[in-house]
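So you can see what is in the structure, the chains are spelled out below.
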Amino acid sequence: MGALVTAFHGDGSVDYETFEKQVNFLIDAGLPFIAHPMHIGESPNLTVQERKDLATCLVKAAGGRVPTFVNVSMHGTDNMLDMASHVETTGATGMVVLSPYHWEPEREAHLDHFFTIGNSVDLKMIAYNNPRRVQVGISHDMLGEMIEKLPNLVALKDASFDMNFFTGACRVASGVRDNFSVFTGIEWLLTSIPVGGSGSFSNCAEVAPKMILSLFDACMKGDYETARPLQYKVGILLKLLQTNYPATVKYAMELLGRPVGGTRKPVLPLNDEAKAHTLETLESLGIMESEPRGW
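All of the points below concern the structure found in this document. All residue numbers refer to position in the chain's written sequence, counted from 1. Local features in this predicted model are restricted to residues whose pLDDT is 70 or higher, and side-chain atom pairs enter the listing and the counts only when it is 80 or higher, whereas totals over whole chains, interfaces and linings include all residues. Remark: hydrogens and water are excluded; side-chain values derive from all non-hydrogen atoms of the structure.

### Concerning the side chain of Lys250
Part 1 of the reasoning: Position of Lys250 relative to the elements: it lies in helix 11 (residues 247-255).
Part 2 of the reasoning: The buried label goes to any residue with under 20% of its type's maximum accessible area, the exposed label to any with over 50%, and the partly exposed label to all in between, with areas taken from a 1.4 Å probe on protein chains only. Assessed through its relative accessible area of 3%, Lys250 is described here as buried.
Part 3 of the reasoning: Residue contacts are defined here by distance: any two heavy atoms, one from each residue, within 4.5 Å place the two residues in contact. With residues up to four places along the chain from it excluded, the contact list for Lys250 reads Val5, Thr6, Phe8, Glu42, Val260, Gly261, Gly262 and Thr263. The helix count covers DSSP runs of H or I at least four residues long, the strand count covers runs of E at least two residues long, and both are numbered beginning at the N terminus.

Below you can see the structure in the form of structure tokens.
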């Protein structure tokens, strides 16, 4: 699942023209799905209107070539209902729904949140489990109930980075519905796919799509001798890109001739030392030579 950063002009406004280039780049590179705006897309830093306009832009730019998913997660379930209703009008394939921010609801309220959003629109839905960020997680029994009662719930994105939970989620899903997908939050594919995972949301695809797709293909084929060194390289890249995130992602894209502007505060731009380290790491991984330059 290609997850896009949000392109900005020098004055901080959204650069929709460059955003369309990003969509085309990922599709041409072979990414089978696209999602926006995840946290890599600075979703908390965007206004409601910007998020609606970007959803429209995403679907238009994709032009039906790949499925598109829009993250509707916001503070408050009712606010998310408004966003989900808009996303439905754009023709997007589906929506990504995170557990509630801040509130730490008990099980009943937590489930009600997902049922309220899932039953409100005719969109495929990906539930997003990120307990490290929102202090509440989707339990295995909750997941099973959600799959049983929400026919449009097609996948779980799990950013717990807990293999005990992830493996259990795959077990639960396989026992309820055959066509349900479980994605890991980012590209830890060599560990997640063998236990039943379907892939990941990609933190790195706008930087190194060839490397990421090669790792995915090797894992899906069970070619672990090929996948293992690729996963080691991706691990180094992930460590780099998650530092001062997503500013480092954007700077790496700039080095590869795909500039998307800066970030909005509280995310600050890279200093000279961080820029030098970014270039050095990309060179050491062979990314500057092997990945596409420009759009």
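Don't stop here, the text continues.
### Details of the pairing of strand 7 (residues 181-184)
Part 1 of the reasoning: In this sheet, strand 7 lies alongside strand 6 (residues 153-158) in parallel orientation, the contact comprising 4 bridges. Residue pairing across strands places Lys157 opposite Phe183, the latter belonging to strand 7.
Part 2 of the reasoning: The definition of a right-handed crossover adopted here requires that, viewed with the strands pointing away, the path from the first strand over the helix to the second runs clockwise. Each parallel crossover has a hand, and for strand 6 linked through helix 7 (residues 163-176) to strand 7 it is right-handed.
Part 3 of the reasoning: Strand pairing is assigned whenever DSSP detects at least two bridges linking the two strands. Relative to strand 8 (residues 199-200), strand 7 runs parallel, the two sharing 2 bridges. Opposite Phe183, over in strand 8, you have Gly199 as the bridge partner.

### Some points on helix 7
Part 1 of the reasoning: In this model, helix 7 (14 residues) spans 20 Å end to end at C-alpha, consistent with the 20 Å of a helix rising 1.5 Å per residue.
Part 2 of the reasoning: Buried within helix 7 we find Phe165, Phe166, Gly168, Ala169, Cys170, Val172 and Ala173.
Part 3 of the reasoning: Among the structural elements, strand 5 (124-129), helix 6 (140-149), strand 6, strand 7 and helix 8 (189-192) are those in contact with the buried residues of helix 7.
Part 4 of the reasoning: Throughout this description, a polar contact denotes any pair of N or O atoms lying within 3.5 Å of each other; where both atoms belong to protein, one of them has to be capable of donating a hydrogen while the other can accept it, and for residues adjacent in sequence the pair is counted only when both atoms sit in side chains. In this structure Asp162 caps helix 7, since a side-chain oxygen of it lies 2.9 Å from the backbone nitrogen of Asn164. Under the convention used throughout, the expected extent of a helix is 1.5 Å for every residue step, that is, one less than its residue count.

### A closer look at the sheet that holds strand 8
Backbone hydrogen bonds hold the strands of a sheet together, and the pairing may be parallel or antiparallel.
Part 1 of the reasoning: Strand order in the open sheet formed by 8 strands is 1-2-3-4-5-6-7-8, with parallel pairing between adjacent strands. Sheet topology places strand 1 (2-3) and strand 8 at the edges, where each strand pairs with a single neighbour.
Part 2 of the reasoning: As judged from the 2 bridges shared by strand 1 and strand 2 (residues 34-36), these two strands associate in the parallel manner. Pairing of Gly2 across the sheet is with Ile34, part of strand 2.
Part 3 of the reasoning: Along the sheet face, helix 2 (residues 48-62) touches strand 2 and strand 3 (68-71) and points at about 170° away from the line of strand 3. In this analysis an axis means a line fitted to C-alpha atoms, helices contributing only their contacting stretch, and an angle means the value between N-to-C directions, from 0 to 180 degrees.

### So, unusual backbone geometry
Part 1 of the reasoning: For the bond running from His36 to Pro37, omega is -10°, close enough to zero to count as cis.
Part 2 of the reasoning: Structurally, Pro37 can be placed in the loop between strand 2 and helix 2.
Part 3 of the reasoning: Here the bond from Tyr245 into Pro246 is cis, since omega is 0°, no more than 30 degrees from zero.
Part 4 of the reasoning: Of note, Pro246 is situated in the loop between helix 10 (224-241) and helix 11.
Part 5 of the reasoning: Phi is positive for Phe161, close to 55°, though the residue is something other than glycine.
Part 6 of the reasoning: Among the secondary structure elements, Phe161 is positioned in the loop between strand 6 and helix 7.
Part 7 of the reasoning: Using a relative accessible area of 35% as the deciding quantity, one classes Phe161 as partly exposed.

### So, the packing of helix 4 (residues 107-118) against helix 6
Part 1 of the reasoning: Viewed as axis vectors pointing N to C, helix 4 and helix 6 meet at an angle of 35°, and their least axial separation amounts to 11 Å. Regarding helix 4 and helix 6, the two cross each other, and that crossing is right-handed. For the pair formed by helix 4 and helix 6, the contact residues are Arg107, His110, Leu111, Phe114 and Phe115 on the first element and Asp141, Met142, Glu145, Met146 and Lys149 on the second. By convention, the crossing between two helices is left-handed when the near helix turns anticlockwise from the far helix through less than a right angle, and right-handed when the turn is clockwise.

### Comments concerning the pattern of salt bridges
Part 1 of the reasoning: The working definition used for a salt bridge is a side-chain nitrogen of Lys or Arg within 4 Å of a carboxyl oxygen of Asp or Glu. Applying the stated criterion across every chain yields a total of 7 salt bridges.
Part 2 of the reasoning: Between Asp82 and Lys52 there is a salt bridge, with its nearest N and O atoms 2.9 Å apart. Of this pair, Asp82 sits in helix 3 (residues 77-90) while Lys52 sits in helix 2; the two residues are 30 residues apart in sequence, bridging distant segments of the chain.
Part 3 of the reasoning: For Asp82, a relative accessible area of 38% corresponds to the partly exposed category.
Part 4 of the reasoning: We note a salt bridge from Glu145 to Lys149, for which the minimum N-O separation is 2.9 Å. Here Lys149 and Glu145 lie together in helix 6, a separation of 4 residues that amounts to about one turn.
Part 5 of the reasoning: One continuous salt-bridge network, built from bridges that share partners, spans Arg107, Asp141, Glu145 and Lys149.

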